[in-house]
Amino acid sequence: MPSGTKRNHSPSKGLCNSSDGLNRDVSSPPPKKAISDGDGEGSAAGREDGVAAAPSSPPAPPRSDPPGPPGEAVVEANEGEFRKRNGEKPSEDEDEDDRTSRDYYFDSYSHHGIHEEMLKDEVRTRTYQMAICGNPSLFEGRTVLDVGCGTGILSMFAVRAGAEHVYAVDCSSIVETCRQIVSDNGMSDRITVIKGKMEDVTLPVEEVDVIVSEWMGYFLLYESMLNTVLYARDKYLRTGGIVCPDKSVMYVCACEDEQMKYERIDFWEDVYGFDMSALKDIALKEPVVDVVDPKSVVTTSVPILNVDLQSCTEEDLSFAAPFRLVAQRDDRIHSLVAYFECAFTRTEQPLGFSTSPFSKYTHWKQTIFYLDEPLSVHEGEELTGTISCAPNPRNKRDLDITVDLSFDGAHAKIRKKIEYRLR
């Protein structure tokens, strides 16, 4: 997902190395549950590179018999057939009047800058590298589907891990560059790059052993490809196959953020002597994606959504979850903050990463929901409520988020419903 940049990093060419330090020293976060196979109890171990260990899981299922590796001529023929069947044409030939918000979304991922940012996100990319390259038993001789392949980095990790063949699908015109990258790295006979929406293309195989995808968006679900991954899982993943990553949990906490709230929200009350508070109301309804100082976190964190990619359905992604946040000190609360964790629990040594304020920076940052008025809280007081989320009816990549908030403290009492739109 687009925003910010990070220092450059070149992934190692061999098997995933862990010599960059594996025990992260972080500030003590509020108590929270970690990803697990059960009810989420436990704690997430941290490391300097942001890669966290996940709980152990059952051994990998037996492999299916994948088709033999197609040769280069077959790959080229397949790609030509894919292009013809899926009606590919250069983006410059498209009729501007026929373009939709979905088209602009996919086109945004054709720009190299977005992929540069994601590849330089070491927490993200190194975790995938270690989960794939460090677990050849999951990939050796297997057929792999890469949903939303982008530059093809996950597909190439899979080949290095021993995959028999990888089908890399993406709707953006980045696939043309991806084909070149795959060729430049001598993997054209092992990776077939396909342009088109996953829901529209037809793979030349009936099933795959493994699905890999980096589908997560801001607030985990915003502009994410999770629905597409679930479609691919239901259509192509063999019985006993695996999805990587396979678990995600989203959390919420409350923060003190007076300075930033003033700069982003209260600013509109007096703009060069003019009252522009009409824009303040609009600004309040739009969550902000930014880095949250861990010192600003006032309350405990609680999980509000658990996603198991092996079994969840599209309906599970519209949710309403109760929360109870306990103040850890006397302070003022200006916002609710959401973040998420992802885990690869089917690997030999389960791995995961967190986008928590207490963890190493990722390009997903955190998602901030400002309150119209601050709340004064004392240590031990509780902020309770329900947070609900569903795709916007007109544009399903946008999210309608509603917070029903209740607080009965010594200095403040509120009960209100706040509606947000993440777009």
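Please refer to the structure higher up on the page.
On to the overall build of the chain, then. Helix and strand counts for the chain come out as 10 helices and 16 strands. For the chain, buried positions account for 54% of its 423 residues. Of the contacts formed within the chain by residues at least 6 apart in sequence, a portion of 77% connects residues at least 24 apart. Just so you have it, the chain exposes about 18900 Å², and 48% of that area is on carbon and sulfur atoms.

Between its first and last C-alpha atoms helix H4 (residues 122-133) spans 15 Å; for 12 residues at 1.5 Å apiece the expected length is 16 Å, and the two agree. H4 sits mainly inside the fold: 12 of its 12 residues count as buried. Turning to H4, its buried residues number three or more, namely Glu122, Val123, Arg124, Thr125, Arg126, Thr127, Tyr128, Gln129, Met130, Ala131, Ile132 and Cys133.

What follows covers the sheet that holds strand S5 (residues 208-212). Taken in spatial order, the five strands line up as S4-S3-S2-S5-S6 in an open sheet, and their pairing is parallel. Each having just a single partner strand, strand S4 (191-195) and strand S6 (237-244) make up the two edges of the open sheet. Across this sheet, the average inter-strand angle for adjacent strands is 20 degrees, counted without regard to direction. Bridging between strand S3 (residues 165-170) and S4 involves five bridges; their strand directions are parallel.

Geometry of an aromatic ring pair is reported as the spacing of the ring centres plus the angle between the planes. Per the counting criterion, the structure on display carries eight aromatic pairs. Ring centres 4.9 Å apart and planes at 70 degrees place the aromatic pair phenylalanine 267 and tryptophan 268 in the edge-to-face group. Under the relative-accessibility criterion, phenylalanine 267 is labelled partly exposed at 33%. Taking the relative accessible area as the measure of exposure, tryptophan 268 reaches 22% and is therefore partly exposed. Each member of the aromatic cluster is reached from another via a ring pair, and the members are Phe219, Phe369 and Tyr420.

What follows deals with empty space enclosed by the protein. Applying the stated criterion across every chain, the model contains one cavity of 30 Å³ or more. If you add up the space inside the largest cavity, you get close to 30 Å³. Surrounding the largest cavity, Phe219, Ala338, Tyr339, Phe340, Thr355, Trp364, Lys365, Gln366 and Thr367 form its lining. Those elements giving two or more residues to the lining of the largest cavity turn out to be strand S11 (331-344) and strand S13 (366-377).

Glancing now at helix H8 (residues 226-236). What H8 keeps buried is the set Leu226, Thr228, Val229, Leu230, Ala232, Arg233 and Tyr236. Next to the buried residues of H8 lie strand S2 (143-147), S5, S6 and strand S9 (302-308).

Turning our attention to the sheet that holds strand S14 (residues 382-391). Here we have four strands laid out as an open sheet, ordered S10-S14-S15-S16, and antiparallel in their pairing. Where the open sheet ends on each side, the last strands, each with one partner, are strand S10 (319-326) and strand S16 (413-422). Across the sheet, the mean angle separating the axes of adjacent strands is 15 degrees when strand polarity is ignored. The sheet contact formed by S10 and S14 spans eight bridges and is antiparallel. Note that in S14 the partner of valine 326 across the bridge is glutamate 382.

To continue, consider the pairing of S6. Most of S6 is tucked away, with six of its eight residues classed as buried. Pairing analysis gives four bridges linking S5 to S6, with the strands arranged parallel. Residue pairing in the sheet places valine 212 in a bridge with cysteine 244 of S6. Taken together, S5, H8 and S6 form a β-α-β motif whose crossover is right-handed.

With the rule as written, the count across this model stands at 18 salt bridges. Its salt-bridge partner being arginine 124, residue glutamate 214 comes within 2.7 Å of it at the nearest N-O pair. A residue pair is termed long-range when its members are at least 10 positions apart, and glutamate 214 in the loop between S5 and H8 and arginine 124 in helix H4 qualify at 90 residues. Like arginine 124, glutamate 214 is buried. A salt bridge links aspartate 400 to arginine 421; the shortest N-O distance between them is 3.7 Å. Placement of aspartate 400 in strand S15 (residues 399-408) and of arginine 421 in strand S16 is noted, with a sequence separation of 21 residues between them. Among the residues examined, aspartate 400 registers a relative accessible area of 26% and is labelled partly exposed. Each of Lys261, Asp266, Glu269 and Lys280 takes part in salt bridges that share partners, so that together they form one network.

Okay, the nonpolar core next. Counting 97 residues, the largest nonpolar core has Phe139, Leu145, Leu203, Phe219 and Phe319 as the members making the most contacts within it. Counting 15 residues, the second largest nonpolar core, distinct from the first, contains Cys253, Val297, Phe358 and Ile368.

Attention now goes to the state of the cysteines. Structurally, a disulfide amounts to a covalent bond that connects the sulfur atoms of two cysteines. Following the criterion strictly, the structure yields zero disulfides and no others. Unpaired in terms of disulfides, cysteine 253 finds its nearest cysteine sulfur in cysteine 255, a separation of 4.3 Å. We classify cysteine 253 as buried; its relative accessible area is 1%.

This next bit is on the environment of methionine 187. For methionine 187, the position within the fold is in the loop between helix H7 (174-184) and S4. Residues methionine 187 and serine 155, 32 residues apart in the sequence, show an inter-C-alpha distance of 9.6 Å. Not counting the four nearest positions on each side in its chain, methionine 187 is found in contact with Met156, Val159, Arg160 and Val182.

How each quantity is defined
Residues numbered from 1 in each chain as written. Predicted model: local features only at pLDDT ≥ 70, side-chain atom pairs only at ≥ 80, totals over all residues. Heavy atoms only, no water. Helix = DSSP H or I, 4+ residues; strand = E, 2+ residues; numbered from the N terminus. Buried < 20%, exposed > 50% of the residue type's maximum accessible area, 1.4 Å probe, protein only. Contact = heavy atoms within 4.5 Å. Areas by Shrake-Rupley, 256 points an atom, 1.4 Å probe, with all protein chains shown as cover. Expected span 1.5 Å × (residues − 1). Pairing = 2+ DSSP bridges. Axes fitted to C-alpha atoms, helices over the stretch in contact; angles between N-to-C directions. Phe/Tyr/Trp six-rings, centres within 6.5 Å; stacked < 30°, edge-to-face > 60°. 1 Å grid on protein atoms, 1.4 Å probe; cavity = no way out; pocket = protein on both sides within 12 Å on 5 of 7 lines; lining within 4 Å. Points joined across faces, edges and corners; volume = space filled by probe spheres on them. Right-handed = clockwise from strand over helix to strand, strands pointing away. Salt bridge = Lys/Arg side-chain N within 4 Å of Asp/Glu carboxyl O. Core = buried A, V, L, I, M, F, W, Y, C linked by side-chain atoms within 4.5 Å. Disulfide = S-S within 2.5 Å.

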